[in-house]
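If you want the building blocks of each chain, they are given just below.
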Amino acid sequence: MSRADRIAFVCPRFDDRGTVGGAENLLKELALRAASNGRDVHFLTTCAVNHFTWENEKPAGVRDVGGMTVHEFEVDEDRDLERFLDIQDRISHGGEVSDEEEQAWLDNNVNSRGLIDHVRESAYDRIVAGPYLFGLTWRALLAHPDTACLVPCLHDEAFSRLRIMRRLFAQIPRFLFNAEPERQLADRLFDISAAHCAVVGVGLDSKEIDSDAFMRAHGLRTPYAIYVGRREPLKGTPMLTDYVDTFRRRTGRDLKLVFAGSGEIETPTSLRPHIIDLGFVSDREKSEAMAGAAAFIHPSVNESLSIVILEAWQAGTPCLVTAFSDVMRYQCEQSGGGLWFRSYPEFEEQLTLLLDHPEFRAMLGNQGKAFVEREYNWSVVEQRLLSALDKR
Amino acid sequence: MTDSLFQIGAEGIDTARIVGEIQKSVEEKIRDGIYPDPEIARAERHNLKNLQTQDAFMDYYMNCLRQAAYVDINAFEIREQRNLFAPVLIALKKVIWKLLVFYTYRLWSQQNQVNGLLVAAVDGMDRKNVRKIQELEARVAALESAKDMNRS
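So, on to the overall build of chain A. Broken down by element type, chain A carries 15 helices and 14 strands. Compactness check: chain A gives a C-alpha radius of gyration of 21 Å against a globular reference of 21 Å for 392 residues, within 12% of the reference. Looking at chain A as a whole, 50% of its 392 residues are labelled buried. In chain A, the proportion of contacts linking residues at least 24 apart, taken out of those at least 6 apart, comes to 66%.

If you want it as C-alpha cells, here you go:
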C-alpha cells in the first residue's frame, strides 16, 4: 500500500454552504476529511451553481476552503444544448442511441476544458471524481486512468447502460461506493472485481439536537412528516405530496408536510395550506426539523446513499422509504430504523402505525441513530476512505 | 395494524418482519375492499415503478381507474350548513348551478366519454399483451420440451 499524498477531487459543483446536491456534498466532505488527515487536497470544480442552467455564476479562481485548495473553472459554454437534451431525452426514455450519439451526449454534457487541461498538466497521486453521469467526470478520470478513482453514485437507470459508461468502468482501477447495494449494482452492470471496490459512504459529526425547537419556533401543535432534498419528479416528490394529501383525506388526520431544499413543490391544491416550505435552512434548523418529525419520508427510487436518511436517524427520527430503492431499503433493513412501502395502502398503514405508537416510533429512531453512530462516524469512514485511496 | 406485530419494549425491532406483516395485511384489506377508493389510483399516478413491477398491483390500479373514470355529473340536493340566511344562500346556489349546468353538463359528459374510452383502451391493450405473453410462453415451453425429446 502506498500513501496517496497529492489528491485531486473532481466534481461539477462546489458550494461552501453545502446547498448543492447530495453527490456534490459527499465529494466535498470526503475531500475535507482527506485534507484534515494531512493530504495535499485540491478540489477541482466549475463556476456553476444551478444544475439546470449550468451558467458560470462564480468567478474562476483558486481559494482555500477548510485546508484544501479549491480550483474553480468555467463550464464550456459552446455546447450544443439542444442536441444534448434530445439525446438525453431518448436515453432516459429507453430509446436506442448509436455510438456516435452517445459520444455527442458526452461531448455536449457539462464539460470544462480549463479543468481537464489542469488535470492533464498536473501530477496527482489520485484523481477522485464523481458522479459518473457527467462528461467532466469521464474526461477527468480518463486523463490519467492509472490514478483514477470513481465515486459513481450509481443508480439503476438508462444512463448506466450506455456503452460509453461500460468503457469508463472498464478502465478505472478504483471505485468508492456509498453502500453495498450500489456496489452490487455496479458488479451486475460492469462485472467489476471486488478487489477494485470499497464501500466508503460519508461520515456524520455527532451533535446535540433539540427535538422540540422546530415545533416551538413554528407554533406547531400537530404532527408532521418531513422531506429534505431537491423537489423534482426524479426525486419522487410529486408522489409524496399525492400520498400525504390522500392520507389526510382518507384518515382525517391533520398531518403537516415540511419541506427543506430547493425546487418547486408540485402539490395538489388541497394540500397546499398544510405544507411548510423552509427552502434552504441551516444545518441546525434542518436537524431540529428532522428531530421533531413523526417520520422522514423519502420517495426517491434513485439513491446511491441518501445522506438525508442518515441525518434523520442521527436526529432520532424513523424513516419511511420507497421499497423500490434498493439502497434505502437495504439501509432500513440493516439499521432497523425505517420501514419501506411499495404502494399507497402500505404507506398509509406504516404512517398510521408510526403516528399511533410513539414508543415504536422512538425505538425505530433509536435503532437508526445507533446504526449511524456505529457505521457512519467519521473515524470509521475516514479509515475506509484512506485505505481505499492508498490502495495501488 | 395491531400491537401484535411488534413488542413495545422488546430489544430490537425486526423491521423486515413488520413490513412483511403490513404487506400481508394490506393484501387482505385490498381483497376486503378497504382500499377501493379511486383516490388510491390518483395517489398512485406517480408510483410508476410499482405499476411496472407488480402484476397484481396493475390489476388493482386498473380496477381503481375503472371506478374513477365515470364521474357522477347529475343534479344533487343543494344544502347550506350555515343557519343564517340559509334559504337565501340555497336559492343563490341553485341559480348559479342552473347557469353553470347549461355549459358544464355537455363538457363533463364528453369528459366522461373520453375517460371511459381511455380506460377501455388501456384495459384492452393490457389484456391483449397478457394473452400474447401467455401464448409465447406456451410456445417457448413446447419448443423447449420438443428440443429435450430430440436430445434424449
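Alright, that's what it looks like, and here's the rest.
Turning our attention to the overall build of chain B. Along chain B, the regular secondary structure elements total 5 helices and 0 strands. Secondary structure elements in chain B, listed N-terminal to C-terminal, are α-α-α-α-α. Across the 152 residues of chain B, 10% fall into the buried class. A separation of at least 24 residues holds for 53% of the contacts in chain B among residues at least 6 apart in sequence.

Residue and element names in this part refer to chain A. Here strand 9 (residues 224–228) lies mainly inside the structure; 5 of its 5 residues are buried. Residues Tyr224, Ile226 and Val228 point to one face of strand 9 and Ala225 and Tyr227 to the other, with burial holding for every one of them. Relative to strand 10 (residues 256–260), strand 9 is paired through 5 bridges, and the arrangement is parallel. Note that in strand 10 the partner of Tyr224 across the bridge is Lys256. In terms of strand pairing, strand 9 meets strand 12 (residues 295–298) through 2 bridges, oriented parallel.

Taken residue by residue, the interface counts 29 residues in chain A and 29 residues in chain B. Residues that form the side of chain A that touches chain B fall into these classes: 14 nonpolar, 7 polar and 8 charged.

Spacing of three or four residues puts side chains on the same side of an α-helix, whose turn is 3.6 residues. Residues and elements named next belong to chain A. For helix 15 (residues 378–390), with 13 residues, the first-to-last C-alpha span of 18 Å sits near the 18 Å given by 1.5 Å per residue. For helix 15, the full list of buried residues reads Leu385, Ala388 and Leu389. For helix 15, the angular spread of buried residues about the axis comes to 100°, placing them on one side. In helix 15, those exposed residues whose orientation departs by more than 90 degrees from the buried face are Ser379, Gln383 and Ser387. Residues of helix 15 that are buried in the fold lie against strand 1 (6–10), helix 1 (22–36), strand 5 (126–129), strand 6 (148–150), strand 7 (175–177) and strand 8 (197–199).

Overall, the predicted model of chain A reaches an average pLDDT of 93, with 99% of residues at or above 70. Strand 12 of chain A holds the highest mean pLDDT among the elements of chain A, 98, whereas helix 1 of chain A holds the lowest, 91.

Below, the discussion takes up the sheet that holds strand 13 (residues 319–322) of chain A. Residues and elements named next belong to chain A. Spatially, the 6 strands line up as an open sheet ordered 11-10-9-12-13-14, and their pairing is parallel. At either end of the open sheet lies a strand with only one pairing partner, and these are strand 11 (275–277) and strand 14 (338–341). Averaged over all pairs of adjacent strands, the angle between strand axes in this sheet comes to 25°, irrespective of strand direction.

It is worth spelling out the pairing of strand 10 of chain A at this point. Residue and element names in this part refer to chain A. Counting buried residues in strand 10 gives 5 out of 5 residues, a clear majority hidden from the surface. Burial along strand 10 is two-sided: the residues Lys256, Val258 and Ala260 and Leu257 and Phe259 are all buried. In this fold, the crossover linking strand 9 to strand 10 by way of helix 9 (residues 237–251) has right-handed handedness. Note: strand 10 against strand 11, 3 bridges, orientation parallel. Bridge pairing in strand 11 places Val258 opposite Ile276.

The amide bond that connects Gly130(A) to the next residue, Pro131(A), takes the cis arrangement and shows omega of -10°. Looking at the element boundaries, Pro131(A) is found in the loop between strand 5 and helix 5 (135–143). For Trp54(A), which is not glycine, the phi dihedral falls at a positive 55°. Looking at where Trp54(A) falls in the secondary structure, it is placed in the loop between strand 2 (40–46) and strand 3 (61–65). Even without being a glycine, Phe85(B) presents a positive backbone phi close to 60°. Mapping Phe85(B) onto the fold places it in the loop between helix 4 (55–69) and helix 5 (86–151).

Before going further, it helps to examine the nonpolar core. Across soluble globular proteins, nonpolar side chains have a tendency to be buried as a group. All names here are of chain A. One finds Phe9, Ile127, Ala140, Ile226, Ala293 and Ala295 to be the most contacted residues of the largest nonpolar core, which totals 126 residues. Ranked by residues supplied to this core, first place goes to helix 1 with 7 residues. Composition of this core by domain shows at least three residues from each of domain 1 (6–203 + 377–390) and domain 2 (213–375). With near-sequence residues (within four places) excluded, Ala295 lies in contact with Ala225, Thr317, Pro318, Cys319, Leu320, Leu351 and Leu354.

We now examine the confidence of the model for chain B. Averaged over every residue, the pLDDT of chain B is 82; the share at 70 or more is 86%. What the predictor reports for the complex is a pTM of 0.74 with an ipTM of 0.77.

Residue and element names in this part refer to chain A. Packing of helix 2 (residues 81–92) against helix 3 (residues 99–107) leaves a shortest axis separation of 9 Å and a crossing angle of 120°. As summarised for this structure, helix 2 and helix 3 are arranged oblique, according to the angle between their axes. In this structure, helix 2 meets helix 3 at a crossing whose hand is left-handed. Together, Arg83, Phe84, Ile87, Gln88 and Ile91 of helix 2 and Glu101, Ala104 and Trp105 of helix 3 make up the contact between the two elements. When grouped by side-chain class, the residues that make up the contact of helix 2 with helix 3 number 5 nonpolar, 1 polar and 2 charged.

Many analyses report the size of an interface as the accessible area lost when the parts associate. Residue and element names in this part refer to chain A. Assigned domains within chain A: domain 1 (6–203 + 377–390) and domain 2 (213–375). Here the C-alpha centre of domain 2 lies 28 Å away from the C-alpha centre of domain 1. Of all elements in the fold, only helix 1 and helix 7 (180–190) reach the threshold of two or more residues within the side of domain 1 that touches domain 2. Broken down by class, the residue content of the side of domain 1 that touches domain 2 amounts to 7 nonpolar, 8 polar and 3 charged.

What counts, and at which threshold
Residues numbered from 1 in each chain as written. Chains lettered and ligands numbered in written order. Predicted model: local features only at pLDDT ≥ 70, side-chain atom pairs only at ≥ 80, totals over all residues. Helix = DSSP H or I, 4+ residues; strand = E, 2+ residues; numbered from the N terminus. Rg over C-alpha atoms; globule rule 2.2 N^0.38 Å. Buried ≥ 20, exposed ≤ 12 C-beta atoms within 10 Å, placed from the backbone. Contact = placed C-beta atoms within 7 Å. Pairing = 2+ DSSP bridges. Nonpolar A, V, L, I, M, F, W, Y, C, P; charged D, E, K, R; others polar. Expected span 1.5 Å × (residues − 1). Arc of directions from axis to C-beta. pLDDT = per-residue confidence, 0-100. Axes fitted to C-alpha atoms, helices over the stretch in contact; angles between N-to-C directions. Right-handed = clockwise from strand over helix to strand, strands pointing away. Core = buried A, V, L, I, M, F, W, Y, C linked by C-beta atoms within 7 Å. Domains from an automatic or database assignment. Parallel < 35°, antiparallel > 145°, perpendicular 65-115°, else oblique. Left-handed = near helix turned anticlockwise from the far one by under 90°.

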